[in-house]
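# Working through the structure, step by step
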Amino acid sequence: QDPLMRCVCRALVVGRVTTSASSPIALYSDRLEYKFLHPTQGNVAMLMWFKDIDSARLDLDTRTFTFHVAKPLTKHFAGDYDPGCSTDFLSMQFCSQDDAVKFSKACPVLL
C-alpha cells in the first residue's frame with residue numbers, strides 16, 4: 001500500500017519525553033508511521049493505528065499535530081506515556097506549512 005503522503009516532522013513528543021531529531025513520516029489510510037529518537041531507548045519505530053487514537057487535532061498556526069492514544073504504548077515508553085492521563089499526548093510539528101495543510105486534508109482522524 002502506498003502512503004497518502006510523506007513528509008518530515010520535528011519536535012516530536014511522546015508523553016513526558018521529547019526529541020529534537022526530525023523524522024520522515026508516512027501517512028496511510030489506517031495508520032501513521034515514523035521514527036522517534038528516544039533519549040535512552042534509541043530509535044523507536046512508531047506505528048500509530050488510527051483506530052487507537054481517541055482524540056486528535058492539528059493547529060495550522062504552529063503546524064502541530066497532537067493526538068492521544070487510548071491504550072499503552074510499547075515497552076519503550078512505559079514510564080513516559082500513560083493512556084489514562086489526559087495530559088499525556090503525542091505530537092509532531094510539520095516542517096512546512098504546505099505539508100501541514102496537505103496532512104489536514106488527508107489524515108482520516110481529522111476528516
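Just above sits the structure.
The structure contained in this document is the topic of the report that follows.

### Side note on the overall build of the protein chain
When helices and strands are counted, the protein chain shows 1 helix and 8 strands. Secondary structure of the protein chain in N-to-C order comes out as β-β-β-β-β-β-β-β-α. For 111 residues, the compact-globule estimate of 2.2 N^0.38 gives 13 Å, and the protein chain sits close to it at 13 Å. Overall, the C-alpha framework of the protein chain stretches about 35 × 30 × 25 Å when taken along its three principal axes. Sorting the 111 residues of the protein chain into buried and exposed places 42% on the buried side. Residue pairs in contact within the protein chain that sit at least 24 positions apart in sequence constitute 48% of those at least 6 positions apart. Roughly 5900 Å² of accessible area belongs to the protein chain as shown, and the carbon and sulfur atoms make up 52% of that amount. Where the 12 positive side-chain charges of the protein chain centre and where its 12 negative ones centre are 4 Å apart.

### A word on the pattern of salt bridges
By the definition in use, this model includes 6 salt bridges. Of the charged contacts, one joins Arg 16 and Asp 88 as a salt bridge, the two residues approaching to 2.8 Å between their closest N and O atoms. Separated by 72 residues along the polypeptide, Arg 16 in the loop between strand E1 (5-14) and strand E2 (17-19) and Asp 88 in the loop between strand E7 (64-69) and strand E8 (90-94) bring together distant segments of the chain. A salt bridge links Asp 52 to Lys 51, with the shortest nitrogen-to-oxygen separation between them at 3.7 Å. Residue class for Asp 52 comes out buried when judged on its relative accessible area of 15%. Linked by salt bridges that have partners in common, Asp 30, Arg 31 and Glu 33 make up one network.

### A word on unusual backbone geometry
Unusually for a residue other than glycine, Ala 11 sits at a positive phi of about 50°. The topology assignment puts Ala 11 in strand E1. Accessibility expressed as a relative area gives 38% for Ala 11, which makes it partly exposed. Despite not being glycine, Arg 63 has its phi angle at roughly 60°, a positive value.

### Some remarks on the pairing of strand E6 (residues 53-59)
One ladder, built from 6 bridges, connects E6 with E7; its direction is antiparallel. Note that in E7 the partner of Arg 57 across the bridge is Thr 66. Linking E6 back to E7 in an antiparallel pair, the connection comprises 4 residues, with Arg 63 at a positive phi of about 60°.

### Structural notes on the side chain of Thr 66
Residue placement: Thr 66 occurs in strand E7. The class of Thr 66 is buried, set by a relative accessible area of 17%. With near-sequence residues (within four places) excluded, Thr 66 lies in contact with Ser 55, Ala 56, Arg 57, Phe 89, Leu 90 and Ser 91.

What counts, and where the lines are drawn
Residues numbered from 1 in each chain as written. Predicted model: local features only at pLDDT ≥ 70, side-chain atom pairs only at ≥ 80, totals over all residues. Heavy atoms only, no water. Helix = DSSP H or I, 4+ residues; strand = E, 2+ residues; numbered from the N terminus. Rg over C-alpha atoms; globule rule 2.2 N^0.38 Å. Buried < 20%, exposed > 50% of the residue type's maximum accessible area, 1.4 Å probe, protein only. Contact = heavy atoms within 4.5 Å. Areas by Shrake-Rupley, 256 points an atom, 1.4 Å probe, with all protein chains shown as cover. Lys, Arg positive; Asp, Glu negative; His and termini not counted. Charge placed at Lys NZ, Arg CZ, Asp CG, Glu CD. Salt bridge = Lys/Arg side-chain N within 4 Å of Asp/Glu carboxyl O. Pairing = 2+ DSSP bridges.

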